[in-house]
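Coordinate inspection notes
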Amino acid sequence: MWNYEKRLQFPVKITKTCPKTAQLIISQYGGPDGELSASMRYLAQRYTMPIKEVGGLLTDIGTEELAHMEIICAMVYQLTKDLTPEQIKESGFDAYYIDHTTALWPQAAGSLPFSAIELQSKGDAITDLTENLAAEQKARTVYENLLRVIKDPDVREPLKFLRAREVVHFQRFGEALEKTKEHLDAKNFYYFNPEFDKQMLKNKPFL
Amino acid sequence: MENENLAIATVPVQPWGPLFTEDEALCTGTIFRDLEMSFFATEDLPSTKHAPATPASQEQAEREHLLGQIFLTSFYLDDLTLFLDTHPQDGDALKCFQEKNTQRKALKQQFAEKFYPLTRDCVCCLDKDTEFGWTKGPMPWEGACV
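I will try to describe carefully the structure that is included in this document. (Residues numbered from 1 in each chain as written. Chains lettered and ligands numbered in written order. Predicted model: local features only at pLDDT ≥ 70, side-chain atom pairs only at ≥ 80, totals over all residues.)

1. Comments concerning the overall build of chain B
Counting secondary structure elements, chain B contains three helices and zero strands. Reading the secondary structure of chain B in the N-to-C direction produces α-α-α. Residue burial in chain B is summarised as follows: out of 146 residues, 23% are buried. (Helix = DSSP H or I, 4+ residues; strand = E, 2+ residues; numbered from the N terminus. Buried ≥ 20, exposed ≤ 12 C-beta atoms within 10 Å, placed from the backbone.)

2. Focus on the overall build of chain A
When helices and strands are tallied, chain A shows eight helices and zero strands. Each helix and strand of chain A, placed in order from N terminus to C terminus, yields the pattern α-α-α-α-α-α-α-α. In terms of overall dimensions, chain A has C-alpha extents of about 65 × 35 × 30 Å along its principal axes. Residues counted as buried form 47% of the 207 residues belonging to chain A. Within chain A, counting contacts between residues at least 6 apart in sequence, those at least 24 apart form 74% of the total. (Contact = placed C-beta atoms within 7 Å.)

3. Quick notes on the interface of chain B and chain A
Counting residues at the interface gives 39 residues for chain B, matched by 48 residues for chain A. The set of elements that each furnish at least two residues to the side of chain B that touches chain A consists of α1 (22-28) and α2 (58-86) of chain B. Of the residues forming the side of chain B that touches chain A, the biggest block, 10 residues, is contributed by α2 of chain B. Split by residue class, the side of chain B that touches chain A holds 21 nonpolar, 13 polar and five charged. (Nonpolar A, V, L, I, M, F, W, Y, C, P; charged D, E, K, R; others polar.)

4. Some points on unusual backbone geometry
Residue and element names in this part refer to chain A. A positive phi is found at S111, a non-glycine position, where the angle reads about 80°. Mapping S111 onto the fold places it in the loop between α6 (94-100) and α7 (125-149). On the neighbour-count criterion, S111 (14 C-beta atoms within 10 Å) is partly exposed.

5. Some remarks on the nonpolar core
Of all hydrophobic cores here, the largest spans 60 residues; its most connected members are I71, I72, M75 and V76 of chain A. Looking at this core, the elements that each hand over two or more residues are α1 (19-25), α3 (35-45), α4 (52-79), α7 and α8 (153-181) of chain A together with α1 and α2 of chain B. Among the elements that make up this core, the one with the highest residue count is α4 of chain A (12 residues). Residues within four places of I72 of chain A in sequence aside, it is in contact with I25, Q28, Y29 and E35 of chain A. (Core = buried A, V, L, I, M, F, W, Y, C linked by C-beta atoms within 7 Å.)

6. Examining the environment of K151 of chain A
In this structure, K151 of chain A sits in the loop between α7 and α8. Along the chain, K151 of chain A and T17 of chain A lie 134 residues apart, while their C-alpha atoms are 13 Å from each other.

7. Some thoughts on the environment of R165 of chain A
All names here are of chain A. Within the fold, R165 resides in helix α8. Of the residues examined, R165 has 27 C-beta atoms within 10 Å and is grouped as buried. Distance in space between the C-alpha atoms of R165 and N132 is 13 Å, their sequence separation being 33 residues.

Structural measurements only, silent on function.
Put into C-alpha cells, the structure is as follows:
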C-alpha cells in the first residue's frame, strides 16, 4: 500500500513556459527510459525476487521512481501552463495539443506512446538486476542529453538531481546483484535460475 | 575471489563514508560524497539554487522555510533508506537514520499544525479543525510553494 505525501521529492518552480522543452522532457515520463517505465519495471520484478532484501530495494527504488515521475510531470505541466494557440503552433507543440490539449499523457519525445514493451520482468534475478543496471544507465544518458540542450536553470536543477539519482540507483542495484551472487554457486552463476529453481539456492534466504 | 568471476557484472559494495550536509545533499542528488559524479555540461551552472522569488507574505515565507527543511531532511532519509536496504547492519547509517527520522516526524507535525497536513496521518490532528484538512494547501505540481 502506498501513502501520498503532498510535496515533490525535489522542488520544481519554473517561471518561464516553454512548450518545446516540455516536449523533450516528456520522454522521461512516458519514453523508453522514462520514470514510468522505471517504476513499473522495479515494482513488477519484486514479487518473485528470491532474496528478501533485493525485493525490499526494488520496492524502495520503484517508489522513488514514482516520485520522479511526479517531478517530470510537474515540469511538463509548468512548462505548458497558460499557453496561447500561437505559442503552441510556433513551438511545435501543436501535434500533442490536438490530442491532449495541455494535459499530461505518457509518451516519448518522438511521440510514441508509453508501452510496457519498454521494460522487462524476466523472472531470473541475475537477468532482472542486469536489466536494471542498464536501465539506470539509459536514463542517465537521457538526462545528459536533456542537460546539453536545455539552458533554463529552473529546468536544469531538477534534471541534474534526477540524473544523480540514476547513478545512486545503479550502485544499489549493483550491491543487490552482489548479494544475490552470495546465494549462488560462485563457479557457475548460471547453473540454475535462482528465481525459479529456488530449492537450489544456498541458505534459502526467501524462507 | 568474487571479483574475479567471468561473464557477470561486478559492482563494488560501497563502504560508509563522508556525507554532504542536508543542503548540499539535495542539490547534489545524493548524501554520499563518494557517489557525487557530476556531468561536465552542468558545471557552468550557478551554484545550485534559483534565486527565490520574494514571498507574497510573512506566512508564505515561514511556510516555504519550514517546507524547505522537510525537503532536506526527507531526502536524507530517502538516500539513507536505499543504503540501508543493501547494508542493513551498518551502525553509522542506522544512527543517522534514527536521528533524521525523529527530526522529520517533528517537522511534519509542526508543518501540519501551522499550515496544512502533508500526509494523511497528519490530517485533523487538532481539535480546532472543523473541515477536512487534506484538501488544504497548494497541489505539489503547482510550484506555488517551494
